[in-house]
Amino acid sequence: MILGAGYNQLPAIKKAVELGLYVITVDYLPDNIGHKYSHRYVNCSTTDRECVLKYATELKIDGIMTLASDVATTTVAYVAEKLGINGSGYEIAKIMSNKSLFRSFQKKNKLAHPGFIYGKDYLKIEKEVVSLK
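Caption draft 1: Up close: the layout of surface pockets. Volume-wise, the largest pocket comes out at about 250 Å³. In terms of lining residues, the largest pocket is bounded by 13 residues, among which Met-1, Leu-21, Tyr-22, Asp-62 and Gly-63 are the most central. Considered class by class, the residues forming the lining of the largest pocket number eleven nonpolar, one polar and one charged.

Caption draft 2: Representation of the pairing of strand 2 (residues 24-27). Burial along strand 2 is two-sided: the residues Ile-24 and Val-26 and Thr-25 and Asp-27 are all buried. In this structure, strand 1 (residues 2-3) lies alongside strand 2, joined through two bridges in parallel fashion. Bridging from a neighbouring strand, Ile-2 pairs with Thr-25 of strand 2. Between strand 1 and its parallel partner strand 2, the chain crosses via helix 1 (residues 10-18), and the hand of that crossover is right-handed. Where strand 2 lies against strand 3 (residues 40-43), four bridges are found, and the strand directions are parallel. Following the sheet pairing, Val-26 is matched in strand 3 by Val-42.

Rules behind the numbers
Residues numbered from 1 in each chain as written. Predicted model: local features only at pLDDT ≥ 70, side-chain atom pairs only at ≥ 80, totals over all residues. Heavy atoms only, no water. 1 Å grid on protein atoms, 1.4 Å probe; cavity = no way out; pocket = protein on both sides within 12 Å on 5 of 7 lines; lining within 4 Å. Points joined across faces, edges and corners; volume = space filled by probe spheres on them. Nonpolar A, V, L, I, M, F, W, Y, C, P; charged D, E, K, R; others polar. Buried < 20%, exposed > 50% of the residue type's maximum accessible area, 1.4 Å probe, protein only. Helix = DSSP H or I, 4+ residues; strand = E, 2+ residues; numbered from the N terminus. Pairing = 2+ DSSP bridges. Right-handed = clockwise from strand over helix to strand, strands pointing away.

This is the structure we're talking about:
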């Protein structure tokens, strides 16, 4: 199962088919080019973990991936974890695909990182930036 069926995922889809794998593409855009090369298409958002898991379970997949799609990374990890197939692990994927979580991870683990501030309240962030000067 490959999450995403746009031009960015096309090399992985074509290669998997070339290798003799049965390829299922998942995307909410039915006209995406990758569906033309896969064996089956599932109409589902790549960010909808439960929808992807439902189809992955029903179709008895034995592998899942994405290519050039940060937003689908956590779904890949979630489904892999739920089905017990190889994957990075959901918590790791969540940290690696979210810049503020990753920067916090770096800081917490005393890894090199740029200075950063994150939040949703613009005025609060502005005050923090001013206080750094």
